[in-house]
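Examining the three-dimensional arrangement
Chain by chain, the residues:
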Amino acid sequence: MKLGIVGLPNVGKSTLFNSLTKAGAEVANYPFCTIDPNIGVVPVPDFRLGLLAAMYHSAKVTPAVIEFVDIAGLVKGASKGEGLGNQFLANIREVDAIVHVVRCFDDANVIHVDGSVDPVRDIETIELELIFADLEVVERRMSKTGRGAFNDKSLAKELASLKKLRAVLEDGKQAKTLEPEDDDEAALFAELNLLTSKPVIYAANVSEDALSDDGASNPYVQKVRAFAKEEGSAVFVICAQIEQEIAELSDEEKKEFLEDLGLKDSGLDRLIAASYSLLGLMSYLTAGEKETRAWTIPIGTKAPQAAGKIHSDFERGFIRAEVVNYQDLLDAKSYAAAREKGLIRLEGKDYVMQDGDVVLFRFNV
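What comes next is a walk through the structure.

As a further point, take helix α6 (residues 183-192). Residues separated by three or four positions in an α-helix point in the same direction, a consequence of the helix having 3.6 residues per turn. Of the residues making up α6, those classed as buried are E185, L188, F189 and L192. The buried side chains of α6 occupy one side of the element, clustering within an arc of 95 degrees when seen end-on. Set apart from the buried face of α6 by more than 90 degrees, the exposed residues are D183, A190 and E191. Of the surrounding elements, those touching the buried residues of α6 are α4 (119-146) and α5 (153-170). Between a side-chain oxygen at the N-terminus of α6 and the backbone nitrogen of D184 the separation is 3.2 Å; the capping residue is D182. Phi turns positive, to about 55 degrees, at N193, one or two residues after α6.

Tracing the sequence through the fold places E347 in strand β11 (residues 345-347). A polar contact is formed between the side chain of E347 and the side chain of R345, at a distance of 3.0 Å. Residue contacts for E347: discarding those within four places in its chain leaves F318, R320, A321 and V323.

The subject of this paragraph is the sheet that holds strand β2 (residues 38-43). Ordered by their spatial adjacency, six strands build an open sheet running β2-β4-β1-β5-β6-β7, and the pairing between neighbours is mixed. Edge positions in the open sheet fall to β2 and β7 (234-238), since each of these has one partner strand only. Each strand of the sheet is rotated relative to its neighbour by a mean of 25 degrees, with strand direction disregarded. The pairing of strand β1 (residues 2-6) with strand β5 (residues 97-103) spans four bridges and is parallel. Along β5, the bridge assignment pairs V6 with H100.

Tracing the sequence through the fold places T62 in strand β3 (residues 61-62). Exposure remark for T62: the relative accessible area of 16% places this residue in the buried category. Among the polar contacts listed, one links the side chain of T62 to the side chain of E291, at a separation of 2.5 Å. The contact partners of T62, leaving out residues within four places of it in the chain, are L49, E291, T292, R293 and A294.

The final tally for this structure, using the stated rule, is 20 salt bridges. In this structure, the salt-bridge partner of R48 is D46, at a minimum N-O distance of 2.9 Å. Across this residue pair, the class does not change: R48 and D46 are buried. A salt bridge links R141 to E191; the nearest nitrogen and oxygen atoms lie 3.2 Å apart. Remark: E191 occurs in helix α6 and R141 occurs in helix α4; sequence separation between them is 50 residues. Linked by salt bridges that have partners in common, D46, R48 and D355 make up one network.

Here the focus is the packing of aromatic side chains. Aromatic ring pairs are defined here through the distance separating the ring centres and the angle between the ring planes. Scanning the entire structure with this criterion turns up six aromatic pairs. For the ring pair Y284 and W295, a centre distance of 6.5 Å and an interplane angle of 15 degrees mean the geometry is stacked. Separated by 11 residues along the polypeptide, Y284 in strand β8 (residues 281-286) and W295 in strand β9 (residues 292-298) bring together distant segments of the chain. Each member of the pair, Y284 as well as W295, is classed as buried. Where Y284 meets F361, the ring centres are 5.9 Å apart and the plane angle is 90 degrees; that geometry is what we call edge-to-face. In this pair, Y284 sits in strand β8 while F361 sits in strand β12 (residues 357-363), placing the two residues 77 residues apart along the sequence. Judged on exposure class, the residue Y284 and its partner F361 are both buried. Among the aromatic residues, those joined into a cluster by ring pairs are Y284, W295, F318 and F361. Against the face of Y326 rests R48, its NZ or CZ located 5.4 Å from the ring centre. Here the basic side chain of R293 rests over the ring of W295, its NZ or CZ set 4.0 Å away from the ring centre.

The rules behind the values
- Residues numbered from 1 in each chain as written.
- Predicted model: local features only at pLDDT ≥ 70, side-chain atom pairs only at ≥ 80, totals over all residues.
- Heavy atoms only, no water.
- Buried < 20%, exposed > 50% of the residue type's maximum accessible area, 1.4 Å probe, protein only.
- Helix = DSSP H or I, 4+ residues; strand = E, 2+ residues; numbered from the N terminus.
- Arc of directions from axis to C-beta.
- Contact = heavy atoms within 4.5 Å.
- Polar contact = N/O pair within 3.5 Å; in protein donor to acceptor, adjacent residues only side chain to side chain.
- Pairing = 2+ DSSP bridges.
- Axes fitted to C-alpha atoms, helices over the stretch in contact; angles between N-to-C directions.
- Salt bridge = Lys/Arg side-chain N within 4 Å of Asp/Glu carboxyl O.
- Phe/Tyr/Trp six-rings, centres within 6.5 Å; stacked < 30°, edge-to-face > 60°.
- Lys NZ or Arg CZ within 6 Å of the ring centre and 35° of its normal.

This is how it looks when you write it as structure tokens:
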């Protein structure tokens, strides 16, 4: 899973990125200090892995991972090349979802590119640039498709779909507000990979004192939540500065620090949970002496396709899956004991995987 972190300059993007990945992206109090997109890969926290690895005495533990891409600050006119322009919009096209960092704190010492704090205005500035960039993509495709549409019914149909999409974008709406009429239209929209078709999580960046009540008393956060509710996006409250401090601590120190702040989870944990929920993802597990590992798949994935996540041969030659719930396995204290208790199920090609399944795939090629 790849998430792009975007927002106006000086809203806390690079600070948040540093705290998430410990990658050390440069942070400075001026626009465009992040000249190239910074990329960091972070493990997905999963307590189940450690418990299973201890039971199996696994030599290696491999969590699922998320790739974060920190995009340089966008400004008005980015789609036309203002600021650092189109190169950054191109980087966003490669991500699965967008984490839009929004400034929800007052601080006279931190410059705001528009001179004042207004989170909804900031969101709309970024979204408008994404819409403009998508319009360019659609219009280029229309020009290409239009040349053959007179003599080709499929191209004529595609052109009609593109015209509908252009009208939506010209109306200032996001591409995801247009529901495809059929499979062909859905395939076309997916192929275009438009920026405004991607799901969004708003990261409301607050000061430390607004963390305790999850931003409930922060009027900026309330505006972001109201805006996000209208478009069906997710919101989570974070203090990027605090997250950066947490990133430097050991696991035990981190736990104590969060407790002192009255928090159960770090911002990273909440962001990952929100991302999995937004994208409809879950994890199944494999365990053994060599390795205990988490594999990320879409909710609703069937056993053969889940097996293909490990290797294409597993999917091609799928015979069956031996499945046990991770908690049942831990309670039984061994795979053999779980088998004796009848906790291990033999599942076929139509089995829909469940979060926390511990699986052994049988295949033959």
